[in-house]
Amino acid sequence: MIISLEEPRHAAAIEALLDRSFGPDRFKKTAYKLRDGVDPIPELSLVAIEHDEFGNEILEGTIRYWPVTIGGQVAGSGVPALLLGPIAVSERLQGGGLGSKLIRMSLNKAAALGHRAVILVGDAPYYARFGFTRDLTLGMALPGPVDLDRFLGLELAPGALAGAAGMVGSAEVGMPSVIPNGVAPLAMAFSASRDISESRLWRARTA
Ligand SMILES: CC(C)(COP(=O)(O)OP(=O)(O)OC[C@H]1O[C@@H](n2cnc3c(N)ncnc32)[C@H](O)[C@@H]1OP(=O)(O)O)[C@@H](O)C(=O)NCCC(=O)NCCS
């Protein structure tokens, strides 16, 4: 299995995996309003690839992130954050740890790049293991209906979401979802033993 950055050639397979995982109605979800017209962040969008006996790529997993801002009266003046999702793993590999690996690798890279906070709409029992909590999003609102128990946040830098409140809006790629000169204080805070092998894998695949 190779985990690498998503490239344009993966787009069709990603859409097919997402259709199988979430159904064709997925575009009606509130989270898609925050993705509409905005590209996923290329440095954080990963694919998991196997190769068949002929060397053809088989997409087994995908994770994407989008730039958002929280609150702020003027466009772009809110607290910058990442929106995680969608993430999907092929049915035959579910439960084998690939989803966790995609999440931990991308969160580590996000922290290393200086991103400070992540929000998502997803199953709390799953995302709690990565540190996501509902507490951090209590003051926030999304631009559509959502089960609020599934609206979760994670601080990559301590205090990054303190005082973050108001409507979450989409942000253009290239807007500062990273604090200038920001460092990544928790860059390696996720599951030490896995991080070592994952960061090696990351370097191997991106060198
Ligand atoms: C959710 C998903 C990405 C997880 O990836 P995965 O590779 O199957 O997950 P992992 O192997 O890393 O983790 C498995 C663990 O997560 C748990 N888990 C998986 N999906 C879960 C969910 N939706 N809610 C709660 N727990 C979940 C499993 O029970 C298992 O628990 P255990 O470690 O205690 O045995 C994958 O199952 C998937 O693509 N599902 C369909 C699409 C989807 O629902 N995506 C978004 C989820 S909000």
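See above for the structure.
Q: Even after reading the chapter, I still don't get the site of the ligand, so can you show me in this structure?
A: Taken together, 18 residues are adjacent to the ligand, and Val-89, Gly-97, Gly-99, Ser-100 and Asp-123 come closest. In the environment of the ligand, an oxygen atom lies 2.5 Å from a nitrogen or oxygen atom belonging to the side chain of Ser-100. Coverage of the ligand by the protein amounts to 65% of the 860 Å² it exposes when considered alone. Counting atoms within 2 Å of the grid points, the majority share of the ligand lands in the largest pocket. Broken down by secondary-structure element, the contributors of at least two residues to the shell around the ligand are α1 (11–22), β4 (79–89), α3 (98–112) and α4 (124–127). Of the residues belonging to the shell around the ligand, the class tally is eight nonpolar, eight polar and two charged.

Q: It is not clear to me how the pattern of salt bridges should be interpreted in this structure. Could you clarify?
A: A side chain of one charge can pair with a side chain of the opposite charge when the charged atoms of the two come close. The full count for this structure, using the stated rule, is nine salt bridges. A salt bridge links Asp-19 to Arg-26; the nearest nitrogen and oxygen atoms lie 2.9 Å apart. We classify Asp-19 as partly exposed; its relative accessible area is 36%. Here Arg-26 falls in the buried class, since its relative accessible area comes to 2%.

Q: Quick question: what am I supposed to make of α1 here?
A: Side chains of residues three or four places apart in an α-helix project in the same direction, reflecting 3.6 residues per turn. Here α1 is twelve residues long and its end C-alpha atoms lie 16 Å apart, about the 16 Å a rise of 1.5 Å per residue gives. Regarding α1, the residues found buried are Ile-14, Leu-17 and Leu-18. Angularly, the buried residues of α1 cover 100 degrees about the axis, an arc narrow enough to put them on a single face. Across from the buried face of α1, at angles greater than 90 degrees, the exposed residues are Ala-12 and Arg-20. Where α1 is buried, its residues contact β2 (46–51), β3 (57–70) and β4. Remark: Gly-23 follows α1 within two positions and exhibits a positive phi of approximately 85 degrees.

Q: Just checking my understanding: could you explain the packing of aromatic side chains for this structure?
A: In this description, a pair of aromatic rings is defined by centroid distance and the angle of the planes. For the structure on display, the rule yields five aromatic pairs. A centroid spacing of 5.1 Å and a plane angle of 65 degrees characterise the contact between Phe-27 and Tyr-32, whose relative ring orientation is edge-to-face. Overall, Phe-27 belongs to the partly exposed group, its relative accessible area being 48%. Aromatic pair Tyr-126 and Phe-130: ring centres 5.3 Å apart, planes at 75 degrees, arrangement edge-to-face. According to the relative accessible area criterion, Phe-130 is buried, its value standing at 3%. Grouping aromatic residues by their ring pairs yields a cluster made of Tyr-126, Tyr-127, Phe-130 and Phe-132. Over the ring of Tyr-32 we find Arg-35, and its NZ or CZ is 4.6 Å from the ring centre.

Q: I'm lost on the layout of surface pockets in this one. Help?
A: Unoccupied space between atoms shows up once a probe the size of one water molecule is rolled over them. Counted as a void, the largest pocket has a volume near 760 Å³. Phe-22, Ile-87, Gly-122, Asp-123 and Tyr-127 are, among the 33 residues lining the largest pocket, the residues nearest its centre. Contributing elements (two or more residues each) for the lining of the largest pocket: α1, α2 (30–33), β4, α3, β5 (117–121) and α4. A total of seven residues in the lining of the largest pocket trace back to one element, the largest contributor, which is β4. Here the residues of the lining of the largest pocket are counted per class, giving 17 nonpolar, ten polar and six charged.

Q: What exactly am I supposed to notice about the nonpolar core here?
A: Considering soluble globular proteins, one finds that nonpolar side chains tend to be buried as a cluster. With 26 residues, the main nonpolar core has Tyr-65, Leu-102, Leu-107, Val-118 and Phe-132 as its most contacted residues. Of all elements in the fold, only β2, β3, β4, α3, β5 and β7 (151–155) reach the threshold of two or more residues within this core. By residue number, the principal contributor to this core is α3, which donates seven residues. With residues up to four places along the chain from it excluded, the contact list for Phe-132 reads Leu-84, Leu-107, Val-118, Leu-120, Tyr-127, Leu-152, Gly-153 and Leu-154. In this structure, Val-68, Ala-81, Ala-160 and Ala-164 belong to the second largest nonpolar core, which totals 17 residues.

Reading the values: rules and limits
- Residues numbered from 1 in each chain as written.
- Predicted model: local features only at pLDDT ≥ 70, side-chain atom pairs only at ≥ 80, totals over all residues.
- Heavy atoms only, no water.
- Near = heavy atom within 4 Å.
- Polar contact = N/O pair within 3.5 Å; in protein donor to acceptor, adjacent residues only side chain to side chain.
- Areas by Shrake-Rupley, 256 points an atom, 1.4 Å probe, with all protein chains shown as cover.
- 1 Å grid on protein atoms, 1.4 Å probe; cavity = no way out; pocket = protein on both sides within 12 Å on 5 of 7 lines; lining within 4 Å.
- Sits in = over half its atoms within 2 Å of the grid points.
- Helix = DSSP H or I, 4+ residues; strand = E, 2+ residues; numbered from the N terminus.
- Nonpolar A, V, L, I, M, F, W, Y, C, P; charged D, E, K, R; others polar.
- Salt bridge = Lys/Arg side-chain N within 4 Å of Asp/Glu carboxyl O.
- Buried < 20%, exposed > 50% of the residue type's maximum accessible area, 1.4 Å probe, protein only.
- Expected span 1.5 Å × (residues − 1).
- Arc of directions from axis to C-beta.
- Contact = heavy atoms within 4.5 Å.
- Phe/Tyr/Trp six-rings, centres within 6.5 Å; stacked < 30°, edge-to-face > 60°.
- Lys NZ or Arg CZ within 6 Å of the ring centre and 35° of its normal.
- Points joined across faces, edges and corners; volume = space filled by probe spheres on them.
- Core = buried A, V, L, I, M, F, W, Y, C linked by side-chain atoms within 4.5 Å.

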